[in-house]
Amino acid sequence: MIEENSGLHAEAAGTEWSYAPAPESLKVEIAEKYGLFINGRFVAPKSHKYFPTINPASEETLSQIAEAGGRDVEAAVAAAKAAQPAWARLKPTERAKFLFRIARRIQERTNELAVLETMDNGKPIAESRNVDLPLVAQHFFYHAGWCDKLKYAFPGRDPKPLGVCGQIIPWNFPLLMMAWKLAPALACGNTCVIKPAETTSLTALRLAEIFREIDLPPGVVNIVTGAGATGQMIVRHKAVNKIAFTGSTEVGKQIAAACADTDKRLTLELGGKSPHIIFENAALDQAIEGAITGIYFNQGHVCCAGSRLLVQESILDEVVSRLRERIKSLRMGDPLDKNTDVGAINSAEQLATVRYYIESGLEEGASIINSSDEPLPERGYWCRPCFFTDVQPSQLIAREEIFGPVLAVMSFRTPEEAISKANNTPYGLAAGIWTDKGSKMFEMAKRLKAGVVWCNGYNLFDPASPFGGYKESGFGREGGLQGLSAYVRM
Ligand code: NAD
């Protein structure tokens, strides 16, 4: 029985109902334009250039962001270099306090940061508030704990900071990627020049406000906004001792080439085409939920998205039928509505890329199943979650990273065939296995060429657990001891 004002709307007599709209009520302040954060202050770019940042759900311009040029990057690196010796000399327990305060302030300002992240990125507020922000705070808490224990982390060694770290991040998890980069670097006594992605700079700049609030010494973190050209200047700067990059494999290769004849340390977290394998003895309800989360979480803008679903042949029809039913219940729409499951694609460019792959799937003879046939909103960048059946491993949708809510479903008969299909990719970031047989899990996990293998779960993250890829998904790990080791020399 649905009562009036219970939050559920009876759309028709009987069983048809829908959640009432539940828009986020918090209004965040956004300045008309933002400068660069260098040496503890917001400064106008010496380049005098700005570019707009857009709400992808409405195409409304949210603010103007500074585009850092050569002299700006120069100033940011100089500030980081000047601040590094004192930061490294600081008593480790004092350094830890700064990281701890950052984490606490992030918790206190979670709502505001989550709303801003959703407005700039297009991801549902339920995800930014309940998944991204808690992980961001955890990352700083976790690394605060390491500051005075580095000698225990690397017994028998004498870990020293690397110096100035140049860090370049993508738009899919703007704040989380920032935390993954900054927290370990700072814990080890390095200073940073970080560049957010050009479509999602707002929360990075809000974090700068937090750095000021907690009196982080000037120059310890410098935030330069801009696009690829700004990133290139950081990569090429001679005073930068380490580059940490998360982004596409294509750009990762260019950065690897640019660093090849230098003594810069380098870690690369790149793209993926991760297999998600369901065996016939899996708990199907959970496996379907795992498959749905694996690909439609954050509109599929997840480097480790389970974008290839490999299903044992005997249960293929059952899985496809359940997926079809479940995908229809996904709610796509206003990212600031608390009931929204799937928000907006981050940019017009990314939407065009996703559409290109959907067209290619249709042209190559695969069959598409969409979440709904209802018209899409007139403004904003929208793509219905969908999955393809009748997919051949040779087709583009089965081979290339789409980075959108598009799943390719294929079948296998034996575990051997599952391994061979799963590993048949230039990537190696993540994989998922669903089976109720423990020995099968261990055997598969051992033979899958993926940096992370989740068993009976997917997209599970913890700051203590290292994350990273094989092959064209990059090298180096972020999180845990392994992530820490990328920021020290010993
Ligand atoms: P991208 O490579 O286009 O951009 C990433 C960042 O690099 C942005 O800040 C961009 O401005 C900058 N950049 C672009 N060209 C550059 C250059 N020549 N030199 C230096 N910097 C440059 O990637 P994207 O579209 O922003 O992000 C999506 C990609 O990121 C996907 O491939 C995804 O799989 C990957 N990703 C990987 C991980 C991981 O942990 N492995 C996590 C998130 C995203």
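Residues numbered from 1 in each chain as written. Predicted model: local features only at pLDDT ≥ 70, side-chain atom pairs only at ≥ 80, totals over all residues. Heavy atoms only, no water.

Trainee: Explain the side chain of Gln167 here, please?
Mentor: Counting through the fold element by element, Gln167 comes out in strand S9 (residues 164-168). Overall, the relative accessible area of 0% leaves Gln167 in the buried class. Of note is the side chain of Gln167, whose polar atom sits 3.1 Å from the side chain of Tyr487. Those residues in contact with Gln167, other than ones at most four positions away along the chain, are Lys181, Leu182, Ala185, Cys192, Val193, Ile194, Lys195, Ala244 and Tyr487. (Helix = DSSP H or I, 4+ residues; strand = E, 2+ residues; numbered from the N terminus. Buried < 20%, exposed > 50% of the residue type's maximum accessible area, 1.4 Å probe, protein only. Polar contact = N/O pair within 3.5 Å; in protein donor to acceptor, adjacent residues only side chain to side chain. Contact = heavy atoms within 4.5 Å.)

Trainee: Could you clarify how one ought to interpret the layout of surface pockets in this entry?
Mentor: One number sums up the size of the second largest pocket: a volume of about 650 Å³. Around the second largest pocket sit 24 residues that line it, and Lys328, Leu330, Arg331, Met332 and Glu374 are the ones nearest its centre. Mapped onto the lining of the second largest pocket, the elements with two or more residues apiece are strand S2 (17-19) and helix H11 (316-328). Element by element, the count of residues in the lining of the second largest pocket is highest for S2, at 3 residues. Split into classes, the residues belonging to the lining of the second largest pocket amount to 9 nonpolar, 7 polar and 8 charged. (1 Å grid on protein atoms, 1.4 Å probe; cavity = no way out; pocket = protein on both sides within 12 Å on 5 of 7 lines; lining within 4 Å. Points joined across faces, edges and corners; volume = space filled by probe spheres on them. Nonpolar A, V, L, I, M, F, W, Y, C, P; charged D, E, K, R; others polar.)

Trainee: In this structure, what is going on with the site of the ligand? I would like to understand it.
Mentor: Taken together, 28 residues sit near the ligand, with Ile169, Glu198, Ser248, Leu270 and Glu401 positioned nearest. Isolated, the ligand exposes 850 Å² of accessible area, and the fraction of that covered by the protein chains is 90%. Of all elements in the fold, only helix H8 (228-236), strand S12 (242-246) and helix H9 (249-259) reach the threshold of two or more residues within the shell around the ligand. Per-class residue counts for the shell around the ligand are 15 nonpolar, 9 polar and 4 charged. Each of two domains, domain 1 (33-270 + 470-489) and domain 2 (274-455), supplies a minimum of three residues to the shell around the ligand. (Near = heavy atom within 4 Å. Areas by Shrake-Rupley, 256 points an atom, 1.4 Å probe, with all protein chains shown as cover. Domains from an automatic or database assignment.)

Trainee: Sorry, what's going on with the domain arrangement of the protein here?
Mentor: Looking at the assigned domains, one finds that the protein contains domain 1 (33-270 + 470-489) and domain 2 (274-455). The C-alpha centroid of domain 2 is placed 30 Å from the C-alpha centroid of domain 1. Contact residues are listed per partner, giving 30 residues for domain 1 and 33 residues for domain 2. Counting across the interface, domain 1 meets domain 2 through 1 salt bridge. We note a salt bridge from Glu59 to Arg379, for which the minimum N-O separation is 3.9 Å. Scanning the region where domain 1 abuts domain 2 turns up 16 residue pairs in polar contact (both at pLDDT 80 or more). When residues of the side of domain 1 that touches domain 2 are traced back to their parent elements, those giving at least two are helix H3 (110-121) and helix H4 (125-146). (Salt bridge = Lys/Arg side-chain N within 4 Å of Asp/Glu carboxyl O.)

Trainee: I would appreciate a short explanation of the pairing of strand S18 (residues 406-412) in the present structure.
Mentor: For a regular strand, side chains alternate in direction, first toward one face of the sheet and then toward the other. Counting buried residues along S18, 6 of its 7 residues qualify, which places the element largely inside the surrounding structure. Bridge count between strand S15 (residues 308-312) and S18: 5 bridges; the pairing is parallel. When the bridges of S18 are listed, Gln312 appears paired with Phe412. In the sheet, strand S17 (residues 386-389) pairs with S18 via 3 bridges, with the strands oriented parallel. Its bridge partner lying in S18, Cys386 is registered against Val406. (Pairing = 2+ DSSP bridges.)

Trainee: What am I meant to see in the packing of H3 against H4 here?
Mentor: The relative placement of two packed helices is expressed as an angle between their axes plus a distance between the axes. At a minimum axis separation of 8 Å, H3 and H4 run at an interaxial angle of 125°. The angle between the axes of H3 and H4 places the two elements in the oblique class. Read as a crossing pair, H3 and H4 show a hand that is right-handed. Between H3 and H4, the residues in contact are Thr110, Asn111, Leu113, Ala114, Val115, Glu117 and Thr118 and Ile125, Ser128, Arg129 and Leu133, respectively. Here the contact of H3 with H4 is built from residues that sort into 5 nonpolar, 4 polar and 2 charged. (Axes fitted to C-alpha atoms, helices over the stretch in contact; angles between N-to-C directions. Parallel < 35°, antiparallel > 145°, perpendicular 65-115°, else oblique. Left-handed = near helix turned anticlockwise from the far one by under 90°.)

Trainee: Teacher, can you tell me more about the sheet that holds strand S7 (residues 60-66) here?
Mentor: Within a sheet, adjacent strands bond to each other through the backbone by hydrogen bonds, running parallel or antiparallel. Taken together, 3 strands build an open sheet; the order of strands is S3-S7-S6 and the sheet is mixed. Among the strands making up the open sheet, the edge pair consists of strand S3 (33-34) and strand S6 (50-55). By the bridge criterion, 6 bridges tie S6 to S7 in an arrangement that is antiparallel. By the bridge assignment, Tyr50 is partnered in S7 with Ala66. Each of S6 and S7 is contacted by H3, which is oriented at about 100° to S6, the strand it contacts most. Strands S3, S6 and S7 of the sheet are contacted by helix H7 (residues 202-213), whose axis makes an angle of about 60° with S7.

Trainee: Honestly, the sheet that holds strand S16 (residues 367-370) in this entry has me stumped. Any pointers?
Mentor: Pairing is mixed in the open sheet, where 7 strands are placed in the order S16-S17-S18-S15-S14-S19-S20. Only two strands of the sheet have a single neighbouring strand rather than two, namely S16 and strand S20 (452-455). On average, each strand axis in the sheet is tilted by 20° relative to the strand beside it, whichever way the strands run. Against the sheet, helix H12 (residues 348-363) makes contact with S16, S17 and S18, and its axis sits at roughly 25° relative to S17, the strand it touches most.

Trainee: Even after reading the chapter, I still don't get empty space enclosed by the protein, so can you show me in this structure?
Mentor: Over the atoms, a rolling probe the size of a water molecule traces out where space has been left empty. Under the definition given, this model contains 3 cavities of 30 Å³ or more. Quantified by volume, the largest cavity comes out at close to 70 Å³. Along its surface, the largest cavity is lined by 14 residues, and Val302, Ala305, Ser307, Glu401 and Phe403 are the ones closest to its centre.

Trainee: How should the nonpolar core be read in this particular structure?
Mentor: Nonpolar side chains tend toward joint burial in soluble globular proteins. Grouped together as the largest cluster of nonpolar side chains are 99 residues, with contacts concentrated most on Ile106, Phe140, Ile223 and Leu323. Considering every element that reaches this core, the biggest residue donor is helix H6 (residues 174-187), with 11 residues. Counting contributing residues per domain, this core is built from domain 1 (33-270 + 470-489) and domain 2 (274-455), each supplying no fewer than three. Ignoring sequence-local partners within four residues, the contact set of Phe140 consists of Leu99, Ile102, Ala103, Ile106, Ala179, Leu182 and Ala183. (Core = buried A, V, L, I, M, F, W, Y, C linked by side-chain atoms within 4.5 Å.)

Trainee: Even after reading the chapter, I still don't get the pattern of salt bridges, so can you show me in this structure?
Mentor: Between side chains of opposite charge, pairing is possible as soon as their charged atoms come close. In this structure the tally under the stated criterion is 24 salt bridges. The closest approach of N and O atoms between Glu478 and Lys181, which form a salt bridge, is 2.6 Å. Placement of the pair is Glu478 in the loop between strand S21 (474-475) and helix H16 (480-485) and Lys181 in helix H6, with a sequence separation of 297 residues. A relative accessible area of 0% places Lys181 in the buried class. Here the salt bridges do not stand alone but share partners, grouping Arg104, Arg105, Glu108, Arg109, Glu112, Arg206, Glu209 and Glu213 into one network.

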